[in-house]
Amino acid sequence: MKKKQLPFDKELFTRSVLYNVKTLYRKTMEEATPQEIYQASAYAIKDAIIDHWMTTQKAAAEQDPKIVYYMSMEFLMGRAFGNNLINLQAYKAVKEALDELGIDVNVVEDQEPDPALGNGGLGRLAACFLDSLATLGYMAYGCGIRYKYGMFKQTIRDGYQVEVPDAWLENGNPFELRRSEYAKEVKFGGYVNVYTDDTGRTVFKQEGYQVVRAIPYDLPILGYGNGMVNTLRIWDAEPIQCFQLDSFDKGDYQKAVEQENLASQLCEVLYPNDNHIAGKELRLKQQYFFISASVQTALKRYLKDHDNIKKFYTKAVFQLNDTHPTVAVAELMRLLMDEYYLTWDEAWEVTVKTCCYTNHTIMSEALEKWPVDLFQRLLPRIYQIVDEINRRFVDQIMRQYTNSAGIDVQSKIRSMAILYDNQVKMAHLAIVGGHSVNGVAQLHTEILKKRELKDFYEMMPEKFNNKTNGITQRRFLLHANPLLADWITAKIGDGWITDLSQMDKLKSYADDKKAQDEFMEIKHKNKERLAKYILEHNNIEVDPNSIFDVQVKRLHEYKRQLLNILQVMYKYHDIKSHPNKDFYPKTYIFGAKAAAGYLTAKLTIKLINSVADVINKDASIGGKIKVVFIEDYRVSNAELIFAAADVSEQISTASKEASGTGNMKMMLNGAVTLGTMDGANVEIVNEVGEDNAFIFGLSSQEVMDYEKNGGYNPMDIYNSNPNVKAVLNMLVDGTFSKNKELFRPLYNCLLNTNNSSKADQYFILKDFEAYLEAQRRISEAYADKKRWARMALMNTACCGKFSSDRTIQEYVDEVWKLDKVELPVK
Ligand code: TH1
């Protein structure tokens, strides 16, 4: 049975490209640069998208579905051109059309800068969710910030990371629409004047404030093959009006300049910290800025064709992506009371029924807490409301727990109050102000319920639920790995594109010799493709017959890139001292950005590059190990890397990685997980079976038990394990740097003899021996071609659960309760 395709007019596309090149640049195709051809092609695609976009809006206006507003400081979209073609089902047609013009579609795609409005997993998850929402036919708005500079570009100089600004908007963005007619005002600072108006109502009026204009830019989010186009609305800030010098007295002049400055700073740059909060004032301003504009928009849209504001929650739900958008709780309260005149209780009911919160981490340095004085100075009216929410909540704690046997009310208040120790605790506000709290993998949600948020769970168990993360197979297989995508479709049909659970039909090929050979042949081709990229970018020759062992993700101590590179150092030492020992050649591939101020992370990058330098140049090891650090790891090169991975390194300290999603992307592409029982790895092993993954190391329970008892003493391991001793000494004996002291800080992190409770916080030495053993098992398994092919194929076959389509359907069924939009297309 042939499924219907979205209509796409190839001839119209070609004509449109030629026309655009002419009218935009006054050039012929022969004269146009690749960038100009990209722009011309993108505008041609946008044309096709706009029709679907308008159709979607019309259908929504008629059907009045409930809408989810996915509020997030980060959307790590990656390039739009190829993805839009995929979802329009027009990739092949456009490839042909461009071919006929003598142009390579890959070259065109490569002209687009990566929109990198996110750090890592959290931002990429938001992007996958938008893709799934549109594909499943649910009305959704992504709400975020149009940062002028996204995640910095990483260059490596002399082995060190150097950050370069990411001017992604330099050539404009052909897919965006500026919608100045939907601008909103956002106010900061000043004070609240409380008075009674003529009707006897108490009025809270913010005065002496600074105001900026929020301008929305809309980006189309296409569903796959269904004609649905949702919207990612990102906000830019502009000063409210150009000031007229003549009419200004000194005070006004000062203020006008301040407002201009504020507007120009607000959306300047994304904070490049993953799993870490720097607590900067500008960051809080960014949060309130995009939240106020988004909440105003949502209310306005609702009131356009409904009149009972008390029923807002029947048509809208706000999903808060971590605590960063949590001021939405107070902003919604403010607007409902101050602008729409609801009472506190009425407004509170609407707010709780509208808001939901996703927790993405238990790392303490990532928990958002704002100093009360800063919060109050910046957002005086919002602070009043938070203060009242807190007062009522503390009251509730006292009513519930006073006189209950064996319960210390004060300790309950200490652990749950929103305002405590002169801090505003954003997670507590998000939990109290909404009706759903979810973790992002089973293990993570259990840790939230049993430990991190235990008191909240006991008080309001009905709010807690798990939504294991997922990823979109459209970008990470259909677009990233066309060879494998075509092969799978030939075997089981194309149903997997919108229903990943169908991948399990591949299981019947797991023992089929021919299928195994084809599968591994495709992997080989993808390894060649990556090898070419590495040769071009790193000038390192790698052997596609070696095992491609990949760890790509943000650099963070808990993710333990250091464990990986220490293991490489050990293997190097081992090979040099036993040149005749059998060793299956391996290529260790790293990719990671470190937050600009995170010294240990930056030094780890330098270490990886230094080790790579020494090993790659050492002819005596006969190329048995190569080490590659891929510069500027981002969504576009990630697609090449995932497709080529044999081994997926997921080696975080158990209990620390809430979910992880790179693990799923590599599994989808037939890589075998080498990991700890952490985050979603646990569920991956559950699906694929223990025989098809390599698991090692402490369990999350063991880690948490050690932590409760003040850690462990790594010196014991150093003194008793000669492998560990040898490898640690290599850090400080000049093997990898002329300056022997260069890597001393890393050595100290592991062994800190002055303060043993701070030594090896992430249990690297504790897990070292088990990790070596797991690496050895990998080599053994890979040497058995048939066994490895079966494992790799089984990983792809068992990845069905990890589609973001499944995650989104769970959110819809259990939390958001959205209605599907019916579209006239087809
Ligand atoms: C990540 C988590 O570390 C990761 O385990 C998870 O898969 C991903 O979110 C998606 O759920 C996080 N990223 C951030 C970024 C910031 C603050 C907290 C987290 S948690 C800025």
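Residues numbered from 1 in each chain as written. Predicted model: local features only at pLDDT ≥ 70, side-chain atom pairs only at ≥ 80, totals over all residues. Heavy atoms only, no water.

Looking at an unreviewed UniProt entry, one finds the protein named Alpha-1,4 glucan phosphorylase, with Butyrivibrio hungatei as its source organism. Looking at the Sequence similarities (unreviewed entry) heading of the UniProt record, one finds this comment for the protein: "Belongs to the glycogen phosphorylase family." The record in UniProt for the protein states the following under Cofactor (unreviewed entry): "pyridoxal 5'-phosphate". (UniProt positions renumbered as here; feature names shortened; annotations may be inferred.)

Asker: Please clarify how the overall build of the protein should be interpreted in this entry.
Answerer: Check the secondary structure of the protein and you find 31 helices and 23 strands. A compact globule built from 826 residues would reach a C-alpha radius of gyration of about 28 Å, and the protein, at 27 Å, matches this within 12%. Each of the three principal axes of the protein carries a C-alpha extent, and together these read 95 × 75 × 55 Å. Across the 826 residues of the protein, 60% fall into the buried class. (Helix = DSSP H or I, 4+ residues; strand = E, 2+ residues; numbered from the N terminus. Rg over C-alpha atoms; globule rule 2.2 N^0.38 Å. Buried < 20%, exposed > 50% of the residue type's maximum accessible area, 1.4 Å probe, protein only.)

Asker: Explanation requested: the sheet that holds strand S22 (residues 672–675) in the structure shown.
Answerer: Through backbone hydrogen bonds, the strands of a sheet pair up, either in parallel or in antiparallel fashion. If you walk across this open sheet you meet the six strands as S20-S19-S18-S21-S22-S23, and the pairing is parallel. The strands lining the two open edges of the sheet, one partner per strand, are strand S20 (625–630) and strand S23 (694–695). Looking at chain direction, S22 and S23 are connected through two bridges and run parallel. When the bridges of S23 are listed, Leu674 appears paired with Phe694. (Pairing = 2+ DSSP bridges.)

Asker: What's the story with the side chain of Gln89 in this structure? I'm lost.
Answerer: Along the chain, Gln89 falls in the loop between helix H3 (81–87) and helix H4 (91–100). Not counting the four nearest positions on each side in its chain, Gln89 is found in contact with Lys4, Gln5, Leu6, Tyr224 and Gly225. (Contact = heavy atoms within 4.5 Å.)

Asker: What's the story with the nonpolar core in this structure? I'm lost.
Answerer: A general trend in soluble globular proteins is that nonpolar side chains are found buried together. The biggest cluster of nonpolar side chains holds 283 residues, and the ones touching the most others in it are Phe289, Phe375, Leu731 and Trp816. The residues touching Leu731, leaving out its near neighbours within four places in the chain, are Leu566, Met569, Leu607, Lys740, Phe743, Leu746, Tyr747 and Leu750. (Core = buried A, V, L, I, M, F, W, Y, C linked by side-chain atoms within 4.5 Å.)

Asker: Looking at this structure, I do not really get the packing of helix H18 (residues 482–492) against helix H19 (residues 513–538). What am I missing?
Answerer: When two helices pack together, their arrangement is given by the angle between the helix axes and by the axis-to-axis distance. Direction vectors running N to C along H18 and H19 enclose 160°, while the axes themselves pass 9 Å from each other. Here H18 is positioned roughly antiparallel relative to H19, judged by the angle of their axes. Judged by the twist between their axes, the crossing of H18 over H19 is right-handed. Contacts between H18 and H19 involve Pro482, Leu483, Leu484, Trp487 and Lys491 on the former and, on the latter, Ala515, Glu518, Phe519, Ile522, Lys525, Asn526 and Arg529. (Axes fitted to C-alpha atoms, helices over the stretch in contact; angles between N-to-C directions. Parallel < 35°, antiparallel > 145°, perpendicular 65-115°, else oblique. Left-handed = near helix turned anticlockwise from the far one by under 90°.)

Asker: Whenever I open this one, the site of the ligand confuses me. Can you help?
Answerer: What surrounds the ligand is a group of 17 residues, the closest being Asn275, His360, Asn469, Glu657 and Gly660. The separation between an oxygen atom of the ligand and a polar side-chain atom of Asn469 is 2.8 Å. A distance of 2.6 Å separates an oxygen atom of the ligand from a polar atom in the side chain of Glu657. In isolation the ligand exposes 480 Å². Once the protein is present, 98% of that is buried. Considered class by class, the residues forming the shell around the ligand number five nonpolar, nine polar and three charged. Each of two domains, domain 1 (64–79 + 114–360) and domain 2 (473–698 + 767–802), supplies a minimum of three residues to the shell around the ligand. (Near = heavy atom within 4 Å. Polar contact = N/O pair within 3.5 Å; in protein donor to acceptor, adjacent residues only side chain to side chain. Areas by Shrake-Rupley, 256 points an atom, 1.4 Å probe, with all protein chains shown as cover. Nonpolar A, V, L, I, M, F, W, Y, C, P; charged D, E, K, R; others polar. Domains from an automatic or database assignment.)

Asker: Help me understand the side chain of Asn438, please; the structure alone is not making it clear to me.
Answerer: With respect to the secondary-structure elements, Asn438 resides in strand S16 (residues 436–439). In this structure the side chain of Asn438 is engaged in a polar contact, spanning 2.9 Å, whose partner is the side chain of Tyr811. Discounting residues that sit within four places of it in the chain, Asn438 has contacts with Gln319, Tyr357, Thr358, Asn359, Asn465, Lys467 and Tyr811.

Asker: I'm lost on unusual backbone geometry in this one. Help?
Answerer: Negative phi values dominate among residues other than glycine, just as trans dominates among peptide bonds. Here Asp158, not a glycine, exhibits a phi torsion of approximately 55°, which is positive. Relative to the helices and strands, Asp158 is located in the loop between strand S3 (153–157) and strand S4 (160–164). Unlike most non-glycine residues, Asn422 shows phi in positive territory, near 60°. Structurally, Asn422 can be placed in the loop between strand S14 (419–420) and strand S15 (423–425). Relative accessible area serves as the criterion here: at 61%, Asn422 is assigned to the exposed category.

Asker: How should the UniProt feature "modified residue: N6-(pyridoxal phosphate)lysine" (unreviewed entry) in the protein be read in this particular structure?
Answerer: The sites that carry the UniProt feature "modified residue: N6-(pyridoxal phosphate)lysine" (unreviewed entry) are, in the present numbering, Lys665. Among the structural elements, Lys665 can be located in helix H23 (residues 662–668). With relative accessibility at 6%, the residue Lys665 sits in the buried group. Not counting chain neighbours up to four residues away, the residues in contact with Lys665 comprise Arg124, Ile471, Phe476 and Phe642.

Asker: Explanation requested: the packing of aromatic side chains in the structure shown.
Answerer: Counting across every chain of the model gives 25 aromatic pairs. Plain terms: the ring middles of Tyr706 and Phe763 are 5.9 Å apart, the flat faces sit at 40° to each other, and that makes the pair tilted. Remark: Phe763 occurs in the loop between helix H28 (744–751) and helix H29 (764–783) and Tyr706 occurs in helix H25 (residues 700–708); sequence separation between them is 57 residues. Looking at Phe763, the relative accessible area reads 2%, which means it is buried. With a centroid separation of 5.6 Å and 20° between ring planes, the pair formed by Tyr712 and Phe763 is classed as stacked. You can see Tyr712 sitting in the loop between H25 and helix H26 (714–720) and its partner Phe763 sitting in the loop between H28 and H29, a full 51 residues away along the chain. Classification of Tyr712 by relative accessible area gives buried; the value is 10%. Taken together, the ring pairs in this structure connect Tyr69, Tyr141, Tyr302, Phe312 and Phe318 into an aromatic cluster. Over the aromatic face of Tyr341 sits the side chain of Arg201, whose NZ or CZ is 3.8 Å from the ring centroid. (Phe/Tyr/Trp six-rings, centres within 6.5 Å; stacked < 30°, edge-to-face > 60°. Lys NZ or Arg CZ within 6 Å of the ring centre and 35° of its normal.)

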